[in-house]
Amino acid sequence: VIIYGDLPKNKENVIYLSNHQCTVDWIIADMLAIRQNALGHVRYVLKDGLKWLPLYGWYFSQHGGVYVKRSAKFNEKEMREKLRAQMKAETPMYLVIFPEGTRYNPEIPKVIADSQSFAEKEGLAILKHVLTPRVKATHVAVDTMKDYLDAVYDVTVAYEGTVDHKGQRKLAPSMTEFLCKECPRVHIFIDRIDLKDIPEEQMYMRRWLHERFEIKDKLLIEFYDAKDSKRRNKFPGKSVHSKLSLKKTLPSLLFLGGLTASMLLTESGRKLYVKTWIYGTLIGCLWVSIKP
C-alpha cells in the first residue's frame, strides 16, 4: 500500500469520496481507516440493490450504511433521517461515497461514452479515467452533517498491473483476484479538505465535485498514460510505503479464523453455520424492506 498526500493519524468524522472501479475499493477505505484506528467507524452509501445481499445487506444497514436509489428515485428525506439518527446516537462517522454511482469499467465503453456525453451536454470537462460524478448523495451528506464532520477526504485509487501490453487500461482486480492472487501494489492519493472550502448550495457543490474529479483524472492520466515511462505507475509527489504491524492485524485474524474454524470442525457447528446464513438472510431481507 503506497500512500500519497495527507492522511491524519488521528480519528476524525469524515466523508470519504473516491473513484470507483471494483469491489476492492471497499477494502481500500478499510485500509485507510485502520491506519487511523477507525476501522469500526466505516459506513457506506450503497446502491439500493445491495440490501438483498445475504446477511451483509442487513449488516450494512444496522452498521449505519445508507441505501440509495439513482436519479429521480433518490430519496433525500430517507438519507437525511438515517444520517441524523447516526448523529443523534453520536456514532463515529467515516462515510464512504463513490460519487460516480457505478464502476469505471473499460470493458463496458458505452457507460464511459454516456458519461462523457452527459458531461459535454452539461458544459462540464470530459473525463478520461473516471466517470462524471453525481452530486446528490454527497450534497445531502455534507449538508446534513456539516456541524458533525471534521473534514472530507478526497481519495484517488489506482492499481498496478491494470494496463495491457498496448498501453490500454484493463479491468481492475476483482475481490477474488485481489485476495487470492499475487497482490498488486495499490496507490492511494489522499487530499484532506476542510468543510469551509466546500460550497453549500447543490449547484455550486456540483461544480466543485466535478473539479475534484478533474484532479483525479489528471492524477490517473499521469499514472497510466505518462509519456515518460519512469513516471507511470505512481502519483506525483512524495509517497510512503505504508505497512501494518502484526498487532493491528493478527488479533482479528486469530479471533475470526478461530471462531469460524471451531464452527466448521463440528457437525453441530456446521449446522449452525448454515442455518445462520439461511435464516439470517431471510430475516435480514425482511428487516431492511420494512425498516431501511
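Residues numbered from 1 in each chain as written. Predicted model: local features only at pLDDT ≥ 70, side-chain atom pairs only at ≥ 80, totals over all residues. Heavy atoms only, no water.

The name given to the protein in an unreviewed UniProt entry is PLCE acyltransferase, with the source organism recorded as Promerops cafer. The UniProt entry for the protein carries this comment under Sequence similarities (unreviewed entry): "Belongs to the 1-acyl-sn-glycerol-3-phosphate acyltransferase family." (UniProt positions renumbered as here; feature names shortened; annotations may be inferred.)

J.: Pulling in residues and values, what's your account of the packing of aromatic side chains?
T.: Applying the stated criterion across every chain, the model contains 14 aromatic pairs. Plain terms: the ring middles of tyrosine 94 and tyrosine 153 are 6.0 Å apart, the flat faces sit at 85° to each other, and that makes the pair edge-to-face. Highlighted residues: tyrosine 94 in strand β5 (residues 94–97) and tyrosine 153 in strand β6 (residues 151–159), separated in sequence by 59 residues. Tyrosine 153 gets classed as buried once you look at its relative accessible area, which sits at 1%. Taken together, the ring pairs in this structure connect Trp26, Tyr44, Tyr56, Tyr59, Phe60 and Trp277 into an aromatic cluster. (Phe/Tyr/Trp six-rings, centres within 6.5 Å; stacked < 30°, edge-to-face > 60°. Helix = DSSP H or I, 4+ residues; strand = E, 2+ residues; numbered from the N terminus. Buried < 20%, exposed > 50% of the residue type's maximum accessible area, 1.4 Å probe, protein only.)

J.: Before we move on, could you go through the nonpolar core and cite the residues and values that matter?
T.: Judged by nonpolar contacts, the single largest core of 38 residues is most densely connected at Ile15, Val45, Met79, Leu95, Ile97, Ala141 and Met145. Every element with two or more residues in this core is listed here: β1 (2–5), β2 (14–18), β4 (66–68), α3 (76–88), β5, α5 (136–145), β6 and α7 (202–225). Broken down by element, this core gets its largest block of residues, 8 residues, from α7. Isoleucine 97 has contacts with Ile15, Tyr16, Leu17, Ser18, Val45, Ala137, Thr138 and Ala141, leaving out every residue within four places of it along the chain. Formed by 32 residues, the second largest nonpolar core is a distinct cluster that contains Ile3, Ala151, Val157 and Ile190. (Core = buried A, V, L, I, M, F, W, Y, C linked by side-chain atoms within 4.5 Å. Contact = heavy atoms within 4.5 Å.)

J.: I'd like to hear about the confidence of the model for the protein, residue by residue, with values.
T.: Here the protein shows a mean pLDDT of 92. Residues at 70 or above account for 99%. Model confidence for the protein, summarised as mean pLDDT per element, is weakest for helix α6 (residues 175–180) at 87 and strongest for β2 at 98. (pLDDT = per-residue confidence, 0-100.)

J.: Can you tell me about the domain arrangement of the protein, naming the residues and giving the values?
T.: Splitting the protein by domain gives domain 1 (2–243) and domain 2 (245–291). For domain 1 and domain 2, the distance between their C-alpha centroids amounts to 28 Å. At the junction of the two partners, domain 1 supplies 13 residues and domain 2 supplies 12 residues. Between domain 1 and domain 2, a total of about 1,000 Å² is buried, with carbon and sulfur atoms accounting for 69% of that surface. Between domain 1 and domain 2 we count 0 salt bridges in total. In this assembly, domain 1 and domain 2 are joined by 3 residue pairs in polar contact (both at pLDDT 80 or more). (Domains from an automatic or database assignment. Buried area = accessible area lost by both parts, 1.4 Å probe. Salt bridge = Lys/Arg side-chain N within 4 Å of Asp/Glu carboxyl O. Polar contact = N/O pair within 3.5 Å; in protein donor to acceptor, adjacent residues only side chain to side chain.)

J.: Outline the pairing of β2, supporting the account with residue identities and numerical values.
T.: The buried fraction of β2 is high, at 5 of 5 residues. Every second residue of β2 is oriented toward a common face, with Val14, Tyr16 and Ser18 on one face and Ile15 and Leu17 on the other, all of them buried. Bridge analysis of β2 against β5 gives 4 bridges, and the strand direction is parallel. The residue of β5 that forms the bridge with leucine 17 is isoleucine 97. As paired elements, β2 and β6 share 5 bridges and run parallel to each other. Across the sheet, residue tyrosine 16 finds its bridge partner in β6, namely tyrosine 153. (Pairing = 2+ DSSP bridges.)

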